[in-house]
Each structure stands twice: as C-alpha cells, then as structure tokens.
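Residues per chain, in single letters:
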Amino acid sequence: MGVLRDRMAVDLRLRGLSPVTQRMYLRCAERFVAYHRRSPTALGEAEIRSFLDHLVRATRVSRSTHGVYVAAIHFLYRVTLDSPAVVQRIPYPRRVIERLPEILSPGEVERLLSTVSRLKHRAMLMVAYGAGLRVSELCALLPTDIDSQRMLIRVRAGKGGKDRYVMLSPRLLATLREYWRVRPPGGRYLFPSPRPGQPLSRMAVWHVVHRAARRARLRKRVTPHTLRHSFATHLLEAGTDIRVIQVLLGHRSLRTTTRYAMVSRQHVGTLKSPLDALPMAASSSSA
C-alpha cells in the first residue's frame, strides 16, 4: 500500500485506537489490497464483497475475525480515503449468540503445558493462563512489563486502550527467568516474531496452543482464549471475589465476568439436583 498505508497508520493513531487495533486494521487492509493486487482507490463495493466472501467461504475465518476485516475496510474508505459511499452497503456480520466458554480443568492445563518442550512456547502459554491475558496482550508484552519486585505484570493498552496490572506467579517468574537466561529475546518484545522488531503474531500463538492440545489429547476445543477463560473460572472456584476477577481480566462490565459463574464447578457442579431430594419409592419385592 506504500504511501496509503502510512496515511492510514497516521489516521489510526490520530483516532486514538489501541496499538493492537492499529496493527490489526493495517494487516487486514494490506491483505485486502494484496488479494486484488490493485490500489484500493481503483476498487469498489463489488471487490470488497468478493474479498469478504473469499474470507468466509475459502479461508473460513471466524465471525469475529470477519468483523475485524469489515471494520478495517470501513476505516480505510470512510476515514483514510474519505469515500464512505463505497462501504455504505457493506454490512458487519450478525452478532452471534454468546456461547458458554470451554473450560479446562487444572489437570488438563498441566497436561497442556507439559507437552510443550520449547521454553519460549511454554513460557507463552504459562503467561496466557497464569495472568489471564488476551492473545493480543500476550503478544504485546515487553520485558519491562515483568515487575519481579512487586510480583506484577503490567498489561499495556488492553481492550479499550486501558492499562492494568495482574499477578505474577512465582512459578511463572522462574520460567521467564530460565527463558531469558537460555535464550534472551532480541528486540523490543518479550516474545518477538522471527521478523525483526515485530511482536509474535496472534496466529503463531494459536498454532502453539493447537499443537499442544493435540499432543495432550484434549478432546475439548482449545484456543489461546480458553486459557484466559480457565484462569477466570479457576480463580472463581478458589473463592476469589468476582469484582477482583473483573479487574484482572480488564472487563468493563461485571456482567461479562459473571458468566464464569455459569461454568464454575463450585457454583454449578457442586449443587444438589432437586431430583436427589425426591422421596424414593419403596421397592416392591415380588414373591
């Protein structure tokens, strides 16, 4: 995209979008342009629709990823190119009815971690579970975000552009120190990409989790976000106040956090069913 990409990058910064959102929008716009191999100024509604149809049918992206592409293309045409009419009839995907998250048991988390032999990858998954980070937050971590004196991890520009702190597990700190000693990451990021100066991609983290889940022979569908869901649920089951969990997860609304009560074994799995309270009918014996 060249000069146009630079313009879009400036527009994204001026709008105050988070660094993670900026990178995602730029990447989506670049892939849209690369798909057609033409300048976006020469593309219109038909080309946008064919690209999005390719994403949905050929690459089978998730609905949330589809929505990010639509948002990025809307930004490109509405803001950077000042051509809102081009995307006026490009719809956002319909919101999906929210499903309950898949949760791993503590034993399954341990099995998952034990299958990862590469120290960098094991440290990544331990951070994702031990601190409950979103995959974008994990990829954006800097070495200076690990505060071993206060035993905290600083999460910069999370969802909504907000910073927060989460706990630093002593076990996680020991693994991070071993990772740093054996193979200190070069560049700015704690988990850098093979591309110089770039953070690890979300897809790279997804592949690490997928391979680990397959080796651990977990029958559940496991993604990086599954580790975050498991973090929250295990804290709730351990008796942590749900408002504290809300702060740790960076949720704006408590309602988002309360869904973990629906999958917590402490809140659901240990309740007695009214079936067990029914009087047992006297068994009749036949002569």
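Predicted, not measured: the structure shown is a model, and the values here were computed from it. (Residues numbered from 1 in each chain as written. Predicted model: local features only at pLDDT ≥ 70, side-chain atom pairs only at ≥ 80, totals over all residues. Heavy atoms only, no water.)

**Student:** Quick question: what am I supposed to make of the overall build of the protein chain here?
**Tutor:** The helix and strand tally for the protein chain stands at 13 helices and 3 strands. Taking the principal axes of the C-alpha coordinates as reference, the protein chain spans close to 90 × 55 × 35 Å. Residues counted as buried form 43% of the 287 residues belonging to the protein chain. In the protein chain, the share of contacts with a sequence separation of at least 24, taken over all contacts with a separation of at least 6, comes to 58%. Treating the 50 positive side-chain charges of the protein chain as one cloud and the 19 negative ones as another, the clouds have centres 3 Å apart. (Helix = DSSP H or I, 4+ residues; strand = E, 2+ residues; numbered from the N terminus. Buried < 20%, exposed > 50% of the residue type's maximum accessible area, 1.4 Å probe, protein only. Contact = heavy atoms within 4.5 Å. Lys, Arg positive; Asp, Glu negative; His and termini not counted. Charge placed at Lys NZ, Arg CZ, Asp CG, Glu CD.)

**Student:** What is the right way to look at the pattern of salt bridges in this model?
**Tutor:** Here the idea is simple: oppositely charged side chains can pair when their charged atoms come close. As enumerated under the stated definition, the model contains 10 salt bridges in all. For Asp145, the salt bridge identified is with Arg156, shortest N-O distance 2.5 Å. Placement of Asp145 in the loop between α7 (135-139) and β1 (146-147) and of Arg156 in the loop between β2 (152-155) and β3 (164-167) is noted, with a sequence separation of 11 residues between them. Overall, Arg156 belongs to the partly exposed group, its relative accessible area being 34%. One salt-bridge network, held together by shared partners, links Glu45, Arg49 and Arg89. (Salt bridge = Lys/Arg side-chain N within 4 Å of Asp/Glu carboxyl O.)

**Student:** Mind showing me how you'd approach the nonpolar core here?
**Tutor:** Generally speaking, nonpolar side chains in soluble globular proteins are found buried as a group. Counting residues in hydrophobic clusters, the biggest one holds 48 residues, and the most contacted among them are Leu125, Val127, Leu138, Ile153, Leu176, Phe191 and Val205. Taken together, the elements giving at least two residues each to this core come down to α5 (106-114), α6 (119-131), α7, β2, α8 (170-182), α9 (202-215), α10 (224-237) and α11 (242-249). Of the residues forming this core, the biggest block, 8 residues, is contributed by α6. Apart from residues no more than four positions distant in its own chain, Leu138 is found in contact with Met124, Val127, Ala128, Leu133, Phe191 and Val205. Phe32, Leu52, Ala71 and Leu76 belong to the second largest nonpolar core, which has 26 residues in total. (Core = buried A, V, L, I, M, F, W, Y, C linked by side-chain atoms within 4.5 Å.)

**Student:** I keep staring at the side chain of Ser18 and nothing clicks. Help me out?
**Tutor:** If you trace the backbone, Ser18 turns up in the loop between α1 (3-14) and α2 (19-36). When its relative accessible area of 12% is taken as the criterion, Ser18 is described as buried. Of the polar contacts made by the side chain of Ser18, one reaches the side chain of Thr21; its length is 2.9 Å. (Polar contact = N/O pair within 3.5 Å; in protein donor to acceptor, adjacent residues only side chain to side chain.)

**Student:** Quick question: what am I supposed to make of the sheet that holds β2 here?
**Tutor:** Think of a sheet as strands paired side by side through backbone hydrogen bonds, with each pair either parallel or antiparallel. Pairing is antiparallel in the open sheet, where 3 strands are placed in the order β1-β2-β3. At either end of the open sheet lies a strand with only one pairing partner, and these are β1 and β3. (Pairing = 2+ DSSP bridges.)

**Student:** How should I be thinking about the packing of aromatic side chains in this particular structure?
**Tutor:** Where two aromatic rings form a pair, the distance of their centres and the angle of their planes describe that pair. In total, this model carries 6 aromatic pairs according to the counting rule given. When the centroid spacing of 5.7 Å and the interplanar angle of 65° are considered together, the rings of Phe51 and Tyr69 count as edge-to-face. Taken together, the positions of Phe51 in helix α3 (residues 45-59) and Tyr69 in helix α4 (residues 63-80) put the pair 18 residues apart, joining distant regions of the chain. With relative accessibility at 2%, the residue Phe51 sits in the buried group. Ring centres 5.6 Å apart and planes at 25° place the aromatic pair Tyr179 and Phe191 in the stacked group. Placement of Tyr179 in helix α8 and of Phe191 in the loop between α8 and α9 is noted, with a sequence separation of 12 residues between them. The class of Phe191 is buried, set by a relative accessible area of 1%. In this structure, Arg150 packs its charged tip against the face of Tyr165, placed 5.3 Å from the ring centre. (Phe/Tyr/Trp six-rings, centres within 6.5 Å; stacked < 30°, edge-to-face > 60°. Lys NZ or Arg CZ within 6 Å of the ring centre and 35° of its normal.)

**Student:** When you look at the side chain of Lys120 in this model, what are you seeing that I'm missing?
**Tutor:** Relative to the helices and strands, Lys120 resides in helix α6. An unpaired buried charge is present at Lys120: no salt bridge exists, and Asp145, the closest side chain of opposite charge, is 15 Å distant. Separated by 2.8 Å, the side chain of Lys120 and the backbone oxygen of Pro192 make a polar contact. Not counting the four nearest positions on each side in its chain, Lys120 is found in contact with Tyr179, Phe191, Pro192 and Leu200.

**Student:** Before we go on, may I ask you to explain the confidence of the model for the protein chain in this structure?
**Tutor:** Any residue range with low pLDDT should be treated as having predicted coordinates unsuitable for detailed reading. Averaged over every residue, the pLDDT of the protein chain is 87; the share at 70 or more is 90%. Contacts from residues 282-287, a stretch scored under 50 in pLDDT, to residues over four places away or in other chains number 0 contacts. (pLDDT = per-residue confidence, 0-100.)

**Student:** Hey, could you run me through the pairing of β2 in this one?
**Tutor:** Side chains on a regular strand alternate between the two faces of the sheet. Sheet topology places β1 next to β2; 2 bridges connect them, and they run antiparallel. For Ile146, the partnering residue across the bridge sits in β2 and is Ile153. Two successive antiparallel strands, β1 and β2, enclose a turn made up of 4 residues, where Met151 displays a positive phi of approximately 55°.

**Student:** Would you mind showing me how to read α3 here?
**Tutor:** Note: α-helices contain 3.6 residues per turn, so residues at a spacing of three or four share the same orientation. An ideal rise of 1.5 Å per residue puts 21 Å on 15 residues; α3 measures up with 20 Å between its terminal C-alpha atoms. Taken together, the buried residues of α3 touch α2 and α4. (Expected span 1.5 Å × (residues − 1).)

**Student:** Before we go on, may I ask you to explain the environment of Met8 in this structure?
**Tutor:** For Met8, the position within the fold is in helix α1. Taking the C-alpha atoms as reference, Met8 lies 33 Å from Val247; in sequence the two are 239 residues apart. Sequence-distant contacts of Met8, that is, excluding residues within four places in its chain, are made with Met1, Tyr25, Leu26, Ala29, Ala72, Phe75, Leu76 and Thr80.

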